Amino acid sequence: MHYRSEYDAFENCYHFTAATKYRKSVFDETIRKRLEELLTEKAESIDLKVHAVAAAVNHIYILVQGDAEPPFISQTILGYTSRLIRKEFPILKQLHEKQLWGGKACTNIKDASHLQNATDYIQRHDPLDSRVE
C-alpha cells in the first residue's frame with residue numbers, strides 16, 4: 001500500500017483508495033452498491049467510523065476514523081470485500097482469479113478542513129468516472 005502523507009493523521013482519519021487490478025472498469029451499478037455496503041459493514045465491524053464511501057467503475061474511496069493502524073484497516077477491509085464481492089459476482093474472477101484490487105493508497109487526513117474536503121469529494125464523486133486520484 002502506498003502512503004501519500006507526510007504528516008500525522010488528524011483524529012485518526014484516513015482516506016483509502018483502491019483500484020481494480022489493471023484498472024479495468026468492471027463495477028456496474030449493482031456491484032458498486034454492494035461494494036459500498038460491504039466496505040461500510042466491515043469498517044464498522046472493526047470499530048471504525050465511516051465518514052464517506054464511494055464506488056466507481058474501477059475504484060473505491062473510503063474515509064474512516066478509528067484507532068486501528070492503516071495497514072490493518074486496508075488489509076481487513078479490502079481483503080474482505082475482495083473475497084465476498086468475487087464470491088457474489090463470479091464474473092469478477094475473470095479480472096484476476098485470486099485478487100480484485102491492484103493499486104491501493106492511504107492518505108492521512110491533515111486537519112478539519114481536509115476532512116471536510118475529502119468527505120465532500122467522495123460524496124460528489126461520479127460513479128462513472130474511471131480516473132483514480
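Now for a look at the structure at hand. (Residues numbered from 1 in each chain as written. Predicted model: local features only at pLDDT ≥ 70, side-chain atom pairs only at ≥ 80, totals over all residues. Heavy atoms only, no water.)

1. What to know about unusual backbone geometry
A positive phi angle, near 45°, is found at Glu 11, a position not held by glycine. In this structure, Glu 11 sits in the loop between β1 (2-3) and β2 (13-20). Non-glycine residue Asn 12 carries a positive phi angle of around 55°. Along the chain, Asn 12 turns up in the loop between β1 and β2. Among the residues examined, Asn 12 registers a relative accessible area of 30% and is labelled partly exposed. (Helix = DSSP H or I, 4+ residues; strand = E, 2+ residues; numbered from the N terminus. Buried < 20%, exposed > 50% of the residue type's maximum accessible area, 1.4 Å probe, protein only.)

2. Concerning helix α1 (residues 29-45)
Taking 1.5 Å as the rise per residue, α1 with 17 residues should run 24 Å; its terminal C-alpha atoms sit 24 Å apart, in good agreement. Regarding α1, the residues found buried are Ile 31, Arg 32, Leu 35, Leu 38, Leu 39 and Ala 43. The arc that holds the buried residues of α1, viewed along the axis, is 125°, so those residues lie on one side. Exposed residues on α1 whose side chains face more than 90 degrees from its buried face are Glu 29 and Lys 33. Each element contacted by the buried residues of α1 is listed here: β3 (49-55), β4 (59-65), α2 (70-88) and β5 (101-108). Of the residues flanking the start of α1, the one acting as N-cap is Asp 28, its side-chain oxygen 3.1 Å from the backbone nitrogen of Thr 30. Two residues or fewer past α1, Asp 47 is found with a positive phi of approximately 65°. (Expected span 1.5 Å × (residues − 1). Arc of directions from axis to C-beta. Contact = heavy atoms within 4.5 Å. Polar contact = N/O pair within 3.5 Å; in protein donor to acceptor, adjacent residues only side chain to side chain.)

3. Points about the pattern of salt bridges
Counted according to the given criterion, the structure contains 2 salt bridges. The closest approach of N and O atoms between Arg 34 and Glu 37, which form a salt bridge, is 3.2 Å. Of this pair, Arg 34 and Glu 37 are both found in helix α1, 3 residues apart, which corresponds to roughly one turn of the helix. Residue class for Glu 37 comes out partly exposed when judged on its relative accessible area of 38%. Residue Arg 34 is joined to Glu 88 by a salt bridge in which the shortest nitrogen-to-oxygen separation is 2.8 Å. One end of the pair, Arg 34, is in helix α1; the other, Glu 88, is in helix α2, and 54 residues separate them in sequence. (Salt bridge = Lys/Arg side-chain N within 4 Å of Asp/Glu carboxyl O.)

4. Points about the side chain of Thr 81
The residue Thr 81 is located in helix α2 in this model. Relative accessible area serves as the criterion here: at 0%, Thr 81 is assigned to the buried category. Of the polar contacts made by the side chain of Thr 81, one reaches the backbone oxygen of Leu 78; its length is 3.1 Å. The residues contacting Thr 81, other than those within four sequence positions of it, are Leu 35, Leu 38, Leu 39, Arg 86 and Trp 101.

5. Some remarks on the packing of α1 against α2
Interhelical geometry of α1 versus α2 gives an angle of 140° and a closest axis separation of 9 Å. With respect to α2, the element α1 is oriented oblique. Note on packing geometry: the crossing formed by α1 with α2 is right-handed. For the pair formed by α1 and α2, the contact residues are Ile 31, Arg 34, Leu 35, Leu 38, Leu 39, Glu 41, Lys 42 and Ala 43 on the first element and Thr 76, Ile 77, Leu 78, Tyr 80, Thr 81, Leu 84, Ile 85 and Glu 88 on the second. For the contact of α1 with α2, a count of residues per class yields 10 nonpolar, 2 polar and 4 charged. (Axes fitted to C-alpha atoms, helices over the stretch in contact; angles between N-to-C directions. Parallel < 35°, antiparallel > 145°, perpendicular 65-115°, else oblique. Left-handed = near helix turned anticlockwise from the far one by under 90°. Nonpolar A, V, L, I, M, F, W, Y, C, P; charged D, E, K, R; others polar.)

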